[in-house]
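Report on the structure
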Amino acid sequence: MSWRVFAETESVCPVCLRVIAAEKAVGEDGYVYMRKRCPEHGEFSALLWEGDFVDYLLWNTAPGGGNEPAVTSAAEKGCPYDCGLCERHESAGCCVLLELTERCSLGCPVCFASAGEARRPDPTLGEIAALYDMLMARGGPFNIQLSGGEPTMRDDLPEIVRLGRERGFGFFQLNTNGLRLADEPGCAETLRAAGVSCAFLQFDGLRDSTYMALRGRALLETKLRAIDRCAAAGLPVVLVPTLAPGVNADEIGEILRFALAHAPAVRGVHFQPISYFGRCALPAPERRLTIPRVLREIEAQTGGLMRREHFAGGGAESSYCSFHASYRRESDGTLRALPRRTGGCCCKSSEARDFVAGRWGACGDGEPEDGFDAFLREANERVFTVSGMVFQDADNLDLERLRRCYINEADPERGPVPFCAYNLTARDGRALYRG
Ligand code: SF4
Ligand code: SF4
Ligand SMILES: [Zn+2]
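If you tally the helices and strands in the chain, you get 13 helices and 19 strands. Computed over its C-alpha atoms, the radius of gyration of the chain comes to 21 Å, within 12% of the 22 Å expected for a compact globule of 435 residues. By its C-alpha atoms, the chain is 60 × 50 × 45 Å across when sized along the principal axes. With 435 residues in all, the chain has 49% of them scored as buried. Expressed as a percentage of contacts within the chain between residues at least 6 apart in sequence, the contacts between residues at least 24 apart total 71%.

If you look at the biggest cluster of nonpolar residues, it comprises 113 residues, and the most contacted ones within it are Leu98, Ala199, Leu201, Cys230, Leu235, Val237 and Leu239. No fewer than three residues from each of domain 1 (1-59) and domain 2 (95-389) sit in this core. Excluding residues that lie within four positions of it along the chain, Ala199 makes contacts with Leu174, Thr176, Leu181, Cys230, Leu235 and Val237.

The next point concerns the domain arrangement of the chain. Here the chain is partitioned into domain 1 (1-59) and domain 2 (95-389). Contact with domain 1, which involves seven residues of that partner, is made by eight residues of domain 2. Put simply, the parts of the chain that give the side of domain 1 that touches domain 2 at least two residues each are strand E4 (42-49) and helix H1 (53-59). With three residues, the single largest contributor to the side of domain 1 that touches domain 2 is E4. Taken together, the residues that form the side of domain 1 that touches domain 2 break down as four nonpolar, one polar and two charged.

Around ligand 2, 15 residues are found, and the nearest of them are Glu317, Cys321, Cys405, Phe419 and Cys420. Counting only elements with at least two residues in the shell around ligand 2, the list comes to helix H12 (399-402) and helix H13 (419-422). Class assignment of the residues belonging to the shell around ligand 2 gives a composition of eleven nonpolar, two polar and two charged.

We now examine the site of ligand 1. Taken together, 13 residues surround ligand 1, and among them Cys79, Asp82, Cys83, Cys86 and His89 come closest. For the shell around ligand 1, a count of residues per class yields nine nonpolar, one polar and three charged.

About the thresholds
Residues numbered from 1 in each chain as written. Chains lettered and ligands numbered in written order. Predicted model: local features only at pLDDT ≥ 70, side-chain atom pairs only at ≥ 80, totals over all residues. Helix = DSSP H or I, 4+ residues; strand = E, 2+ residues; numbered from the N terminus. Rg over C-alpha atoms; globule rule 2.2 N^0.38 Å. Buried ≥ 20, exposed ≤ 12 C-beta atoms within 10 Å, placed from the backbone. Contact = placed C-beta atoms within 7 Å. Core = buried A, V, L, I, M, F, W, Y, C linked by C-beta atoms within 7 Å. Domains from an automatic or database assignment. Nonpolar A, V, L, I, M, F, W, Y, C, P; charged D, E, K, R; others polar. Near = placed C-beta within 6 Å.

This is the structure:
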């Protein structure tokens, strides 16, 4: 294969995680790859963009810069070894994951947190309060993602949310497999009343064979019940499919149609093409899913209802991290694409924060609404979003992209750690940061 190199960056060796130079190059097939060489472990290449070079360059609409973190630590060892937001980091951040437990009601063959059996006790309420305070002191409030493990394993979850609200945080996204929401009457109501803004529901498709492959259990009926319970409780739902080639990449259109049919209870779909970190029983294929391929599938599988040109790349983060489109559901049942929101308008993180909170959150928090509140709620409920994030793993990690990461894990010792650094694992499973 002959290569045309067009850019240089830095990455890590997937075997030993040392920092090595990397090239971006166009291969004979016309697609964009990352190529790199470790002096000890040899050469590696990973597909970055299953689309052409011009398409790759045009996708980059986020200017970057002007959004540095409020508080940083010294950069000593070099990226990605100085996390806890060092002085080289280029994003103030928008969302923060709080890992409330390592316990989980599932033991999925695919899990970035490798959750299931708890290796350490859950953080206490006092420790969580300290995390909230740390985040406030480091530029908060941020949008909080209640995460794990499975956060609903904790009976004190409503208290954790109330504690965060008291400390000034306004948006709480529950990252959940939905089992407890489905099986426990009143659970969605209690969480909504405590101040949970939306449920980010693991929802990989409409076939039980998909759940068997990714979750080890037939779960479709449970997922449908979780959605019904959230709808009854007024807790907005975003469906979050992990997309794996050969498993459910052909279900994209079905998932989108299902989500639209369940709007406004379901506010949107957030795709996560699978990354090969954490516990991943699936081997990384040569043709891993990249943004252009997912967008082509969306267009083809929805029969052109949702089209490639409706989508733009990330703005607060690197454009190559994510994609999104927003639609308005008209009263006659048609779907109208809203203007693409590109680069400049969300490179201030408070705006990214409000954007995330506005498109997915519950309005009003149970308080009486006046006419204008009702208008806003209705406007919000008519918006349907389709988005996705392509997490980086040791094969395709681009340190330039990582330095602009706006999603952090709250670590009690290190402070906010960029998600893709926190979850980075070598081929043998050794983690850079995660316990
Ligand atoms: S990812 Fe950000 S915080 Fe971590 S070492 Fe690199 S620049 Fe510093
Ligand atoms: S979590 Fe990973 S993919 Fe998402 S913004 Fe951060 S670096 Fe990019
Ligand atoms: Zn190496």
